[in-house]
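In case you want the letters, here they are:
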Amino acid sequence: MNTCKRLGSLVFAVACITRRHQAYAFASPKISTITRQPSSSCNHPLVVNSVTDDSATDVTLTNPADMRLREIQSELKERNVSYADCFDRESLVKRLLEARENTENEEASTPQPTESSQTAKSDDGDVTAKDDATTTTSPDADAAFDKEATIAELRELRVKVLKEKLSEYKVRWGTFNEKEQMVQALCNAMEQRFVQSKNFSRSGSIIPGEVTDVTESVLLEEMGWLESDVNNGVATKPATADDGDTLPHSPILLDMYATWCGPCKMVAPQLEAAAQELGPTCRIMKIDSDKYQRLASVLRIGGLPTLVYFDGGNVSKEVKRVEGALMKDGILDLINECGSMAR
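The structure displayed is predicted, hence computed values, not measured ones.

> Sorry if this is basic, but what is going on with helix H11 (residues 262-278) here?
With 17 residues, H11 should cover 24 Å at 1.5 Å per step; its first-to-last C-alpha distance of 25 Å lies within 8% of that length. Where H11 bends most, the angle comes to about 25 degrees, and this point is Ala268, followed within four residues by the proline Pro269. Looking at H11, one finds that the buried residues are Cys264, Val267, Leu271, Ala274, Ala275 and Leu278. In the stretch just after H11, Gly279 is the one whose phi turns positive, near 60 degrees.

> Looking at this structure, how should I read unusual backbone geometry?
Excluding glycine, most residues fall at negative phi; most peptide bonds, likewise, are trans. A cis amide bond links Leu304 with the next residue in sequence, Pro305, at an omega value of -10 degrees. Phi is positive for Arg300, which is not a glycine, with a value near 55 degrees. Looking at where Arg300 falls in the secondary structure, it is placed in the loop between helix H12 (293-298) and strand E6 (306-310). For Arg300, a relative accessible area of 72% puts it in the exposed group.

> Just checking my understanding: could you explain the environment of Gly262 for this structure?
Secondary-structure assignment places Gly262 in helix H11. Take Gly262: its relative accessible area is 44%, and that puts it in the partly exposed class. Placed 42 residues apart in sequence, Gly262 and Leu304 show a C-alpha to C-alpha distance of 9.3 Å.

> Please explain the confidence of the model for the chain as it appears in this structure.
Atom-level detail of predicted coordinates should not be read off regions where pLDDT is low. The pLDDT averaged across the chain works out to 76; a share of 66% of its residues lies at or above 70. For the stretch residues 115-139, pLDDT sits under 50, and the model shows 30 contacts to residues farther than four places along the chain or on other chains.

> In this structure, what is going on with the nonpolar core? I would like to understand it.
A general feature of soluble globular proteins is that nonpolar side chains tend to end up buried together. In this structure, Leu219, Trp225, Leu254, Ile287, Leu299 and Phe310 are the most contacted members of the largest nonpolar core, which totals 23 residues. Of all the elements in the fold, those that place two or more residues in this core are helix H8 (216-223), strand E4 (252-257), strand E5 (283-288), H12 and E6. It is H8 that contributes the most residues to this core, four residues altogether. Residues in contact with Ile287, not counting those within four places in the same chain, are Asp213, Val214, Thr215, Glu216, Leu219, Leu254, Asp255, Met256, Tyr257, Tyr292 and Leu295. Grouped together as the second largest cluster of nonpolar side chains are 19 residues, Val159, Leu162, Tyr169 and Phe194 included.

> Even after reading the chapter, I still don't get helix H5 (residues 147-155), so can you show me in this structure?
Those residues of H5 not exposed but buried are Thr150, Ile151 and Leu154. Burial along H5 is one-sided: seen end-on, the buried residues are contained in an arc of 100 degrees. The opening residue of H5 is Asp146, an N-cap whose side-chain oxygen sits 3.2 Å from the backbone nitrogen of Ala149.

> Where do I start with the packing of aromatic side chains in this structure?
Aromatic ring pairs: the centre-centre distance and the angle between the two ring planes describe each pair. Evaluation of the coordinates by the stated rule reveals one aromatic pair. Judged by centre distance (5.9 Å) and plane angle (85 degrees), the rings of Trp225 and Phe310 are edge-to-face. With Trp225 in the loop between H8 and helix H9 (227-231) and Phe310 in strand E6, the pair connects residues that are 85 residues apart, well separated along the chain. Note on accessibility: Trp225 and Phe310 belong to one class, buried.

> Got a minute to help me understand the side chain of Asp229 in this structure?
Position of Asp229 relative to the elements: it lies in helix H9. Of the side chains with opposite charge, Lys237 comes closest to the buried, unpaired Asp229, at an N-O distance of 9.9 Å.

> Help me understand the environment of Thr236 in this model?
Counting through the fold element by element, Thr236 comes out in the loop between H9 and helix H10 (241-245). Given the relative accessible area of 9%, Thr236 is considered buried. Spatially, the C-alpha atom of Thr236 lies 8.0 Å from that of Gly224, the residues being 12 residues apart in sequence. If we ignore the near neighbours within four places in the chain, the residues touching Thr236 are Gly224, Trp225, Leu226, Asp229, Val315 and Ser316. A polar atom in the side chain of Thr236 sits 2.8 Å from the backbone nitrogen of Leu226.

> How should the pattern of salt bridges be read in this particular structure?
Between side chains of opposite charge, a pair can form when the charged atoms approach closely. Summed over the entire model, instances satisfying the criterion amount to nine salt bridges. Measuring nitrogen to oxygen at the nearest pair gives 3.9 Å for the salt bridge that ties Arg294 to Glu227. Taken as a pair, Arg294 in helix H12 and Glu227 in helix H9 lie far apart in primary sequence, 67 residues in all. Glu318 is paired through a salt bridge with Arg321; the nearest N and O atoms lie 2.8 Å apart. A residue is classified by how much of its surface remains accessible, and Arg321, at 25% relative accessible area, is partly exposed. Look at the salt bridges and you will find they share partners, linking Glu75, Arg79 and Arg100 into a network.

Thresholds applied
Residues numbered from 1 in each chain as written. Predicted model: local features only at pLDDT ≥ 70, side-chain atom pairs only at ≥ 80, totals over all residues. Heavy atoms only, no water. Helix = DSSP H or I, 4+ residues; strand = E, 2+ residues; numbered from the N terminus. Expected span 1.5 Å × (residues − 1). Bend = angle between axes of the 7 residues up to and from the residue. Buried < 20%, exposed > 50% of the residue type's maximum accessible area, 1.4 Å probe, protein only. pLDDT = per-residue confidence, 0-100. Contact = heavy atoms within 4.5 Å. Core = buried A, V, L, I, M, F, W, Y, C linked by side-chain atoms within 4.5 Å. Arc of directions from axis to C-beta. Polar contact = N/O pair within 3.5 Å; in protein donor to acceptor, adjacent residues only side chain to side chain. Phe/Tyr/Trp six-rings, centres within 6.5 Å; stacked < 30°, edge-to-face > 60°. Lys, Arg positive; Asp, Glu negative; His and termini not counted. Salt bridge = Lys/Arg side-chain N within 4 Å of Asp/Glu carboxyl O.

Structural data, given as structure tokens:
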């Protein structure tokens, strides 16, 4: 009898525990089975939506309003944008936003290069980038500047290449917002240089008011010398008196230098300053004596730097030379003295 009572009490207790457990399970959700469905998009302005396509990646830029002043200035420097006229944070933020917008417009307006414009194969199989090819040629005596062809050629270049060429032609491009503005400005600069070279330089490579680092072939063309004579170790001499006396071209001042020469480096800026003052009255060139040792031997160069003055005849002949470093005034005095002697 007692045993039956004990068994009945045990069954009752187990039944009560089972009911309590079921009630607790019903009231408490199973955390392990709860999953949060990902949101298809997020419209919060400070949250970047994730991209489901693995092939697409969105590059996001920090809001300038959340950036430090140093960070804003650093990004402006990287974009080659001046902020010298910005005196407060608001103007810096505005300048950076404009720079980013201009970059986006340039990328949108730049045409994607085709396969034919990306590479050009030479006869020996080498591949060269078309964007890096130089388009300058020596103008003929009767040739005219083909503006339409030049513009069409420049439009195929990338914005980065256009900026580099504008810098070479000393044209400020910071205010240009459109690629076409760069194309037109570069074309005008090229046309102006073409006209200057046509009336000033025999090879078309020498520019008034500048010092040009030339090759041997360009120098021989400017002086009217024959390469066959240089091969024989002699300088070409005028065949007749008219070749040297008519002086149809500007005289030549040649700077023989070497890259390792300290005095040569000191003369370089002085020569640039003299060239700017002389303008079209003198063709000023320099040539590397180490690179063109044959020509240095023909000219009998003994010390560096050496400035050699040639007259402006059809076949140029040497008038005077000076070894050692000269300042701007000394260079101008040399040219004036030699000009008087040539007359």
